[in-house]
Amino acid sequence: MTDAPTITQAPVLALTWRGQNLFQLTILAPPGDWGDPGRLAKLRAWGQPPAGQPLLDRPFSVHRYRPGARELDFLIRVVGPGTQALAQLRPGQTLQITGPLGQGLRRLQPDFPQTPLYLVAGGVGLAPQANLLDQLQAPAHLFYGERRGQALIDHDYLAGLAPNFTAISEDGLGYGQKGQVTEPLLAALNQERRAIFACGPPGLLTALAPVARTYKVPYWASVEAFLACGLGVCLSCSRALTDGSRIRLCQDGPVVDGLTLDWGKP
Amino acid sequence: MIDSKPQTPDLTTRLGSLTLKNPLIAASGVFGYGLELAEFCPPAQLGAVICKGISLEPWPGNPGPRAVEAAGGLVNAIGLENMGVEAFLRQALPPLKATQAVVGANVIGHELADYARLARILADSPVDFLELNISCPNLAQGGLSFGSDPDLAARLTEAAVNPAGPKPVWVKLPPLVTDIALLAKKVANAGAAAISLINTVPALVINARTQRAVLGNLTGGLSGPPIKPLALRQTFLCAQAVKTPIVGMGGILRAEDVVEFILAGATATQIATAILVDPRSPLTILTDLRTWLTREKVVSLASLRGALKGANNP
Ligand SMILES: Cc1cc2nc3c(=O)[nH]c(=O)nc-3n(C[C@H](O)[C@H](O)[C@H](O)COP(=O)(O)OP(=O)(O)OC[C@H]3O[C@@H](n4cnc5c(N)ncnc54)[C@H](O)[C@@H]3O)c2cc1C
Ligand SMILES: Cc1cc2nc3c(=O)[nH]c(=O)nc-3n(C[C@H](O)[C@H](O)[C@H](O)COP(=O)(O)O)c2cc1C
Ligand code: FES
């Protein structure tokens, strides 16, 4: 399968709301290996600058991929002008997509479908988890956490993504019980040790590194940064590893080995 | 027989001893080490490509976040992360030169001696020219940038021109100085083969809700569409002040923007932020520039250079 990213105009197939501010965007997939969990694409549904704003494309993880039907899903939370413009798309319209970009879990764990996992998602960090869950043949449990006042996702949609999951929200007003997503994860790790795959806000991802060390389990994290190019040239996404070397999250990530990333150096 | 075909405009651009295919140059910092975007924009199709700023030793760059969008432009504080000159010459440059691209090395340092040593090293390399980034903090002067003092900028230029031997040395000016024309004159007299401008505009982006600066480095540099009028004005003032060729940049997104810089007095132009928006943009601009010149019946860009008229002049 081809690995080089392309810039394509892709038809929109569907746009389905999955929460008050959260929608699933389905497009016809351009050629590329979209099944590697954690890989991303840059999307643009507005004109070229200076008239077309925002200036830059916006990056999103692949949510689900159905290679047979060549359907590619994104799960997008509306937060600003770019995501607002994407939310206006209708079937039949096209958007510009650049990708596939970066490396998913496959490079770090080639036999990931056979790996028993704890999946940890903070908010829209849920997006890439579905691409992984769709391919898993081993036991998996999803821990999904929402911030205070977030109430992001429709209950039924979440339940349809993962056979086994625990939902938790900081204020107990969202979906599920009240608390931090790390609490049920720790309880599960005390029962059975499994590798962790996480995507979410930096605080969550940072907090999971000592957890993985304590329980001596592998830890893979999909890490966000402001991506100005997504193509490896601008170094806006550069991060340090514990050995002092540096990686570009848009090329060598966004999925990284959470035990070698230097979480103390943003 | 009368040739009915419209004449294709000649885009060949002479910059001192260098002859470029066309006046479009990929600017430093947005084209990596020249080959990363080759699938989208083959470097040999451009007038030249300028590599990421190169220092004597590798630099780690700034803590993140390193970039953010603001006011329709981009504010970045990458912090000049780079692999250092040794790795640049060993790994990055040979495959890039093999494409026949014209290659400039953007040179950065913390003191005059760094620039002199880099010039000496690059003199014996296959790079086609040097571009001194004089916006770096000068450690000997408490971090004030070299470009903020015209005499210091001239000394820096001199320090690099001699050791660079036959390689043309361009000097890249920062936008915010008291007297840009004086700065241009000083570096021209010190031996600059070309003057490129502008570098990014110092900027600060604040998040009111969190009451924090958005960038890890607090401040950064603004680029893209919002800086074009400032860049055109500084280009114009420098072109009036010196005979040395000017390479203009700042907010170029379209062919018309290139024409505007040429009218202001530039001989060639550089493209930075537009490449981050779309890596194919230099080639799009090149095609559109040909179309524009043909439509406007302009046979060579040189005929437009510095041809700016006042609003009420005939
Ligand atoms: C690797 C990666 C994967 C992502 N996956 C998803 C996903 O699956 N679903 C989802 O809803 N969101 C995802 N995001 C976040 C998404 O890119 C931002 O929410 C989006 O860019 C916001 O754009 P906006 O114009 O709507 O909002 P803005 O108001 O412009 O920005 C809102 C926030 O998004 C950040 N942002 C803006 N532009 C960029 C950019 N070019 N790169 C990175 N961050 C940016 C801003 O810094 C700010 O914090 C991902 C980000 C990254 C880096
Ligand atoms: C992400 C980024 C990195 C940059 N890195 C460098 C650099 O290493 N050296 C340099 O001289 N200029 C650097 N610049 C400045 C650009 O080369 C250019 O001067 C500036 O962005 C204005 O042009 P533009 O408006 O077309 O972007 C950088 C700009 C950006 C956006
Ligand atoms: S986003 Fe530009 S190098 Fe990664």
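Bear in mind the structure is a predicted one, so any value in this text is a computation, not a measurement. (Residues numbered from 1 in each chain as written. Chains lettered and ligands numbered in written order. Predicted model: local features only at pLDDT ≥ 70, side-chain atom pairs only at ≥ 80, totals over all residues. Heavy atoms only, no water.)

Moving on, we get to the overall build of chain A. Of regular secondary structure, chain A possesses 6 helices and 16 strands. Expressed along its principal axes, the backbone C-alpha trace of chain A runs to roughly 55 × 40 × 35 Å. Within chain A, the fraction of its 266 residues that count as buried is 59%. The contacts in chain A between residues at least 6 apart in sequence include a share of 59% that link residues at least 24 apart. With an accessible surface of roughly 10,400 Å², chain A has 51% of that area assigned to carbon and sulfur atoms. Across chain A, 23 positive and 20 negative side-chain charges occur, with their mean positions spaced 4 Å apart. (Helix = DSSP H or I, 4+ residues; strand = E, 2+ residues; numbered from the N terminus. Buried < 20%, exposed > 50% of the residue type's maximum accessible area, 1.4 Å probe, protein only. Contact = heavy atoms within 4.5 Å. Areas by Shrake-Rupley, 256 points an atom, 1.4 Å probe, with all protein chains shown as cover. Lys, Arg positive; Asp, Glu negative; His and termini not counted. Charge placed at Lys NZ, Arg CZ, Asp CG, Glu CD.)

A few words on unusual backbone geometry. The general pattern is negative phi for most residues beyond glycine and trans for most peptide bonds. Residues and elements named next belong to chain B. For the bond running from G64 to P65, omega is -5°, close enough to zero to count as cis. Summarising the element assignment, P65 is placed in the loop between β4 (48-54) and β5 (67-70). Residue L80 is not a glycine yet carries a positive backbone phi of 60°. Among the structural elements, L80 can be located in the loop between β6 (73-76) and α1 (84-97).

Another aspect to go through is the domain arrangement of chain A. Residue and element names in this part refer to chain A. For chain A, the assigned domains read domain 1 (6-101) and domain 2 (105-257). The interface is formed by 25 residues belonging to domain 1 together with 27 residues belonging to domain 2. For the pair domain 1 and domain 2, the summed buried surface comes to about 2,300 Å²; carbon and sulfur atoms form 57% of the total. The largest contributions to the domain 1 side of the interface with domain 2 come from P37, H63 and R64, which together make up 25% of the buried area. Summed over the shared surface of domain 1 and domain 2, the result is 2 salt bridges. Of the charged contacts in the structure, one is a salt bridge between R64 and D134, with a shortest N-O distance of 2.9 Å. Counting every contact that joins domain 1 to domain 2 gives 12 residue pairs in polar contact (both at pLDDT 80 or more). (Domains from an automatic or database assignment. Buried area = accessible area lost by both parts, 1.4 Å probe. Salt bridge = Lys/Arg side-chain N within 4 Å of Asp/Glu carboxyl O. Polar contact = N/O pair within 3.5 Å; in protein donor to acceptor, adjacent residues only side chain to side chain.)

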